[in-house]
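Inside the fold
Each chain, letter by letter, is given below.
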Amino acid sequence: MTRPLRVGIAGLGTVGASVIRILDRQNEAIAQRGGKSVQVVAISARDRSKDRGFDLARFTWFDNPVELAATADVDCVVELVGGADGAALETVRTALSHGKHVVTANKALLAKHGIELAKLAEEKGVSLAFEASVAGGIPIIKTLREALPANRISRLYGILNGTCNYILSRMELEGLTFQDCLKDAQRLGYAEADPTFDVEGFDTAHKLAILTSLAFGTQIDAEAIYVEGISSIAPLDLAMAKELGFRIKLLGVAERTKTGIEQRVHPTMVPRTSSIAQVMGVTNAVTIDADAVRELTLIGPGAGGDATASAVVADIADVATGKVQPLFGAPIDQLEKAARAPMQRHEGGYYIRLTVHDRPGVAAGVATRMAEADISLESILQKRSETAANKDPHGRSGTPVPLVLITYAATEASIRSALENIMGDGLIAEPPQVIRIERE
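Here's a quick rundown of the structure. (Residues numbered from 1 in each chain as written. Predicted model: local features only at pLDDT ≥ 70, side-chain atom pairs only at ≥ 80, totals over all residues. Heavy atoms only, no water.)

When helices and strands are tallied, the chain shows 13 helices and 17 strands. Rg of the C-alpha trace for the chain: 25 Å, near the compact-globule value of 22 Å for 440 residues, within the 12% margin. Taking the principal axes of its C-alpha atoms as reference, the chain extends roughly 90 × 45 × 35 Å. Burial analysis of the chain (440 residues in total) assigns 53% to the buried set. When contacts within the chain are restricted to residue pairs at least 6 apart in sequence, long-range pairs at least 24 apart make up 75% of them. With the model as given, the accessible surface of the chain reaches about 19,000 Å², and the carbon-plus-sulfur share is 48%. Taking the average place of the 47 positive charges on the side chains of the chain and the average place of its 54 negative ones, the gap between the two points comes to 2 Å. (Helix = DSSP H or I, 4+ residues; strand = E, 2+ residues; numbered from the N terminus. Rg over C-alpha atoms; globule rule 2.2 N^0.38 Å. Buried < 20%, exposed > 50% of the residue type's maximum accessible area, 1.4 Å probe, protein only. Contact = heavy atoms within 4.5 Å. Areas by Shrake-Rupley, 256 points an atom, 1.4 Å probe, with all protein chains shown as cover. Lys, Arg positive; Asp, Glu negative; His and termini not counted. Charge placed at Lys NZ, Arg CZ, Asp CG, Glu CD.)

Written out as structure tokens, the structure is:
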């Protein structure tokens, strides 16, 4: 009789506990598909006394996850410790060095050390699987690595952080401020006590670095990603987006350009008719633009114990089949070191909200500076003050009012140059709001 795949789980939080429950009920199905059953034999966590809903006595306990990774009684180590370094890194390094398969949900670890760990896995002839590291229960890793070899991918973009999507959805639908929605997200468990990693775009950037490597056959280059978060988004921007036919999402975008691979994370205006604009709440979505399938969008739960555990178990089931495949779709020595496309060369449409003084000549001065930078305006919309007294015969009050510009395709460098001149002219009362537009 074939010996079961012996699994050790390092980290028994929401995801780790859910992995054990799913394996308990799906083990027979996994054995039928892969020819080998799965048996969790060892576990490690910080708190042995915590009630996790099952009997810990079934498993060998390790206080130190690195010791679990080294034990001869485990064939596959599931790393759910988290963090780019420290115990997580040492656990994975130790497991691979001992010739053990590894399954991880750790995007930060892969974004920082993915190439090193992939080389080690190749040298030892074992799997390093990471479906759960990006977009929760959406099988985006498997799709990019296994389902699209007939396609040349030109662009990949997506909603990769449920916390940010929840906040932007609530802000739009209820007219709430960023801070109010963040407090609710923290109360509901969607956001951490320190939400910086999520709301400032770093979580999305780690995930994008992994997807870029898979999509374009390149080495991971997380440092090349331009990152901007959502904390500056105001209810007025969401209202203006709706009026103009857009919706604001925090997107991670990777794209082939003439100058190299462009990677960027930032709030983005997307057409309200697009598939990705319909994705609300904590849900994630990824769209792939390719030559054969044209446009492919995958939508599903981006976080949560069961959704992420589903992806972890799928990787364990793959390990049980005995199939070992390259981490990023090709051997490490075949991955290109892609040229970086600098953000200053990014070209696209822009939404620009300026807070200007409501007086004659201001809009004309703004338009002049845009023209000098070779920027063409698709539309310009000025909101007049509804409450200010002492308006002139033309309804102008001299008080600060929003002036919204939508540009045709322009470079990031030209937009920044024009705005610097506008600020130097004293035409605006506060720093400008700039949101890039992603067309279908």
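All right, on to a nonpolar patch on the surface then. Together, L188, Y190 and V282 give the surface a local cluster of nonpolar side chains, amounting to about 240 Å² of exposed area. Turning to its location among the elements, V282 is positioned in the loop between β10 (260-271) and β11 (283-290). (Patch = residues over 30% accessible without salt bridge, like charges linked within 9 Å, V, L, I, M, F, W, Y side chains within 5 Å. Salt bridge = Lys/Arg side-chain N within 4 Å of Asp/Glu carboxyl O.)

For the rest of this paragraph, the subject is the sheet that holds strand β6 (residues 128-129). On the basis of which strands lie adjacent, the open sheet formed by six strands has the order β3-β2-β1-β4-β5-β6 and parallel pairing. The sheet is open, and its two borders are formed by β3 (60-62) and β6, each paired with just one other strand. Bridge count for strand β5 (residues 101-104) against β6 is two bridges, and the pairing is parallel. Each residue of the ladder has a partner; that of V103, found in β6, is A129. Here helix α3 (residues 86-97) sits on the sheet in contact with β1 (5-10), β4 (76-79), β5 and β6, set at roughly 165° to β4. Across the face of the sheet, helix α11 (residues 305-320) comes into contact with β1, β2 (38-44), β4, β5 and β6 while running at roughly 165° to β5. (Pairing = 2+ DSSP bridges. Axes fitted to C-alpha atoms, helices over the stretch in contact; angles between N-to-C directions.)

Quick look at the packing of aromatic side chains now. The full count for this structure, using the stated rule, is three aromatic pairs. Judged by centre distance (5.6 Å) and plane angle (50°), the rings of F130 and F328 are tilted. In this pair, F130 sits in the loop between β6 and α5 (140-147) while F328 sits in the loop between α11 and β13 (347-357), placing the two residues 198 residues apart along the sequence. An identical accessibility class is assigned to F130 and F328; each is buried. (Phe/Tyr/Trp six-rings, centres within 6.5 Å; stacked < 30°, edge-to-face > 60°.)

Counting 80 residues, the largest nonpolar core has I140, L144, I167 and F328 as the members making the most contacts within it. Counting 32 residues, the second-largest nonpolar core is a separate cluster that includes A17, I22, A311 and V313. (Core = buried A, V, L, I, M, F, W, Y, C linked by side-chain atoms within 4.5 Å.)

Here the structure, examined in full by the defined rule, presents 28 salt bridges. Of the charged contacts in the structure, one is a salt bridge between R3 and D75, with a shortest N-O distance of 2.9 Å. Of the two residues, R3 is situated in the segment before β1 and D75 in the loop between α2 (65-70) and β4; the sequence distance between them amounts to 72 residues. In this structure R3 comes out as partly exposed when scored by relative accessible area, which is 48%. For D75, a relative accessible area of 16% translates into the label buried. Measuring nitrogen to oxygen at the nearest pair gives 2.5 Å for the salt bridge that ties D237 to R353.

Moving on to helix α6 (residues 162-174). A rise of 1.5 Å per residue sets the reference length of α6, with its 13 residues, at 18 Å; its end C-alpha atoms lie 18 Å apart and thus fit the reference within 8%. Looking at α6, one finds that the buried residues are G162, T163, C164, N165, Y166, I167, L168, S169, R170, M171 and E172. Elements that come into contact with the buried residues of α6 comprise β7 (153-159), α7 (178-187), α8 (196-199), α10 (235-243), β9 (246-257) and β11. The backbone nitrogen of T163 lies 3.1 Å from a side-chain oxygen of the residue at the head of α6, namely N161. (Expected span 1.5 Å × (residues − 1). Polar contact = N/O pair within 3.5 Å; in protein donor to acceptor, adjacent residues only side chain to side chain.)

The next subject is the packing of helix α12 (residues 362-372) against helix α13 (residues 412-424). Between α12 and α13, the least distance of the axes is 9 Å, while the angle of their chain directions is 145°. In this structure, α12 crosses over α13, and the sense of that crossing is right-handed. For the pair α12 and α13, the contacting residues are V366, R369 and M370 in the first and A418, L419, N421 and I422 in the second. Its residues placed into classes, the contact of α12 with α13 shows five nonpolar, one polar and one charged. (Left-handed = near helix turned anticlockwise from the far one by under 90°. Nonpolar A, V, L, I, M, F, W, Y, C, P; charged D, E, K, R; others polar.)

The first and last C-alpha atoms of α3 sit 16 Å apart over 12 residues, in line with the 16 Å expected at 1.5 Å per residue. For α3, the set of buried residues is A88, L89, T91, V92, T94, A95 and L96. Against β1, α2, β4, β5, α4 (107-124) and β6 lie the buried residues of α3. G99, located one to two residues past α3, shows a positive phi value of around 75°.

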